[in-house]
Amino acid sequence: MPSITPQQQAFEVTGGVDTHQDTHTAAVIDQVGRVLGTEQFPADAAGYTALLDWMRRFGRLGPVGVEGTGAYGAGLARLLRDQGVHVVEADRPDRKTRRFQGKSDPIDAIQAAKTALAGERTGTPKRRDGRVEALRNLRVARRSAVDQRADAQRQIKALIVTAPDELRERLRGLPVTQLITVCASLRPDRADAASPATAAKIALRPLARRHQQLSAEITDLDELLAPLVAAINPRLVAANGLGTDVAGQLLVTAGQNHDRLASEAAFAMLCGAAPIPASSGKTTRHRLNRGGDRQANAALYRVVLCRLRWDPRTRAYAERRTKQGLSKKEIIRCLKRYIARELYQIITTSNDLELAA
């Protein structure tokens, strides 16, 4: 394609990118939605640069809608942001659109560009750098270890239920910590593996040792996470009902660039704690929000439970609302909304993230 003329440079164009593991498909449209071109690029550093140069050949580049900025599009989004391009998080086309237009990478890229042009999606992607990104990586490993340890523990208990009577009676009443220790120290005779009792012991031993290894991994990660979360936002960790785990989840949800959250209502919606209007005619009501980051919603739920147990003000609020006829679930939803407002102020007014940026 020839170099851009001064007349072309005067016109603003909008880009869209459909991202995949090995390739990214880009599209450019003008201000009335006409497609100016589509092209495919490799998903590596050289490909990202070539993609940006290609888009800029059509005119003055405005917003660029990118699918999957938290996954396959993370590297491209990082380069575009570093080059001063306004990146918009573009969701994949809905089913109705795909039913009428079909499905292909160029079609998806064009739809992402049209979404950015129309302003249907104005969300700013999270920055994938800084200490919050380091925190997210550590939390991924910790959550995986916790889940796998729980699976190992369930499998151990399931094996005990069906184990021969003598072994079952020996292990059934033990506390979890002692049970794991006993199972890990079993010394079955491998030559007698055809025996159900011996086979049960052979199976219990590696499961218990796996449980111990995963516990050691969790402890090691906790030793890294606690000071990191405290360094990022000490006020959040010190808030009533929060700790390292809950504070870490909320920091990851907000992202390194928490200024992308326009208001506390936006943060509540991101956490799935904002009620959704469901009114019609003379009926005015709201329904439960099942969207947002469910891990953040669960973190707010744990804060609510802790405060209902220990905080006098929260307990007084729950009693007052109960007398007004609200159920416990409704009270918890209200409290999650109030707590989201409180924690938003702590997250966004702290200077720690700005200093790390």
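All of these numbers come straight from a predicted model, not from anything done at the bench.

## Considerations on the packing of aromatic side chains
Part 1 of the reasoning: Counted under the stated rule, the structure contains 4 aromatic pairs.
Part 2 of the reasoning: Consider the rings of Trp 54 and Phe 58, whose centres lie 5.0 Å apart with planes at 80°: the pair is edge-to-face.
Part 3 of the reasoning: Of the residues examined, Trp 54 reaches a relative accessible area of 8% and is grouped as buried.
Part 4 of the reasoning: Site record: aromatic cluster; members linked through ring pairs are Phe 41, Trp 54 and Phe 58.

## Remarks on the UniProt feature "domain: Transposase IS116/IS110/IS902 C-terminal" (unreviewed entry) in the chain
Part 1 of the reasoning: Feature annotation in UniProt places "domain: Transposase IS116/IS110/IS902 C-terminal" (unreviewed entry) on residues 239–318, given in this structure's numbering.
Part 2 of the reasoning: Within residues 239–318, the helical portion is 52% and the strand portion 5%, while the C-alpha atoms at the span's ends are 20 Å from each other.

## A closer look at the packing of helix α14 (residues 312–323) against helix α15 (residues 328–349)
Part 1 of the reasoning: Where α14 contacts α15, the axes come no closer than 10 Å and their chain directions differ by 135°. Between α14 and α15, the angle is such that the two are oblique. Here the hand of the crossing between α14 and α15 comes out right-handed. Here Thr 314, Tyr 317, Ala 318, Arg 321 and Thr 322 of α14 lie close against α15, whose contacting residues are Ile 331, Cys 334, Leu 335 and Tyr 338.
Part 2 of the reasoning: Taken together, the residues that form the contact of α14 with α15 break down as 6 nonpolar, 2 polar and 1 charged.

## Remarks on the pairing of strand β2 (residues 23–29)
Part 1 of the reasoning: For β2, the buried fraction is high: 6 of the 7 residues fall into the buried class.
Part 2 of the reasoning: Sheet topology note: the strand β1 (residues 12–19)/β2 ladder contains 6 bridges and is antiparallel. Bridged to Thr 14 within β2 is Ile 29.
Part 3 of the reasoning: Between β1 and the antiparallel strand that follows it, β2, lie 3 residues.
Part 4 of the reasoning: Two strands pair when backbone bridges link them, and β2 and strand β3 (residues 35–42) are joined in this way by 7 bridges, in the antiparallel orientation. Among the inter-strand pairings, Ile 29 is bridged to a residue of β3, identified as Val 35.
Part 5 of the reasoning: In this structure, the hairpin formed by β2 and β3 is closed by a connection of 5 residues, where Gly 33 is found at a positive phi of approximately 90°.

## Quick word on the state of the cysteines
Part 1 of the reasoning: For the structure on display, the rule yields 0 disulfides.
Part 2 of the reasoning: Left unpaired, Cys 334 is separated from the closest cysteine sulfur, that of Cys 271, by 16 Å.

## Here's the deal with the domain arrangement of the chain
Part 1 of the reasoning: Taken domain by domain, the chain consists of domain 1 (12–123), domain 2 (131–232) and domain 3 (235–349).
Part 2 of the reasoning: The C-alpha-based centres of domain 2 and domain 3 are spaced at 33 Å.
Part 3 of the reasoning: Facing 12 residues of domain 2, the contacting portion of domain 3 comprises 11 residues.
Part 4 of the reasoning: In total, domain 2 and domain 3 occlude about 920 Å² of area from one another, counting both sides; carbon and sulfur atoms represent 64% of this.
Part 5 of the reasoning: It is Val 132, Arg 139 and Val 229 that lose the most area in domain 2 upon contact with domain 3, and together they represent 55% of the buried surface on that side.
Part 6 of the reasoning: Applying the counting criterion to the domain 2 and domain 3 interface returns 1 salt bridge.
Part 7 of the reasoning: Across the salt bridge formed by Asp 245 and Arg 139, the nearest N and O atoms sit 3.0 Å from each other.
Part 8 of the reasoning: Taken together, the connections running from domain 2 to domain 3 amount to 4 residue pairs in polar contact (both at pLDDT 80 or more).

## Let's talk about the pairing of β1
Part 1 of the reasoning: Where burial is concerned, most of β1 is hidden: 7 out of the 8 residues are buried.
Part 2 of the reasoning: Sheet topology places β1 next to strand β4 (residues 60–66); 5 bridges connect them, and they run parallel. In the sheet register, Val 13 faces β4, and the bridge partner there is Leu 61.

Parameters and conventions
- Residues numbered from 1 in each chain as written.
- Predicted model: local features only at pLDDT ≥ 70, side-chain atom pairs only at ≥ 80, totals over all residues.
- Heavy atoms only, no water.
- Phe/Tyr/Trp six-rings, centres within 6.5 Å; stacked < 30°, edge-to-face > 60°.
- Buried < 20%, exposed > 50% of the residue type's maximum accessible area, 1.4 Å probe, protein only.
- UniProt positions renumbered as here; feature names shortened; annotations may be inferred.
- Helix = DSSP H or I, 4+ residues; strand = E, 2+ residues; numbered from the N terminus.
- Axes fitted to C-alpha atoms, helices over the stretch in contact; angles between N-to-C directions.
- Parallel < 35°, antiparallel > 145°, perpendicular 65-115°, else oblique.
- Left-handed = near helix turned anticlockwise from the far one by under 90°.
- Contact = heavy atoms within 4.5 Å.
- Nonpolar A, V, L, I, M, F, W, Y, C, P; charged D, E, K, R; others polar.
- Pairing = 2+ DSSP bridges.
- Disulfide = S-S within 2.5 Å.
- Domains from an automatic or database assignment.
- Buried area = accessible area lost by both parts, 1.4 Å probe.
- Salt bridge = Lys/Arg side-chain N within 4 Å of Asp/Glu carboxyl O.
- Polar contact = N/O pair within 3.5 Å; in protein donor to acceptor, adjacent residues only side chain to side chain.

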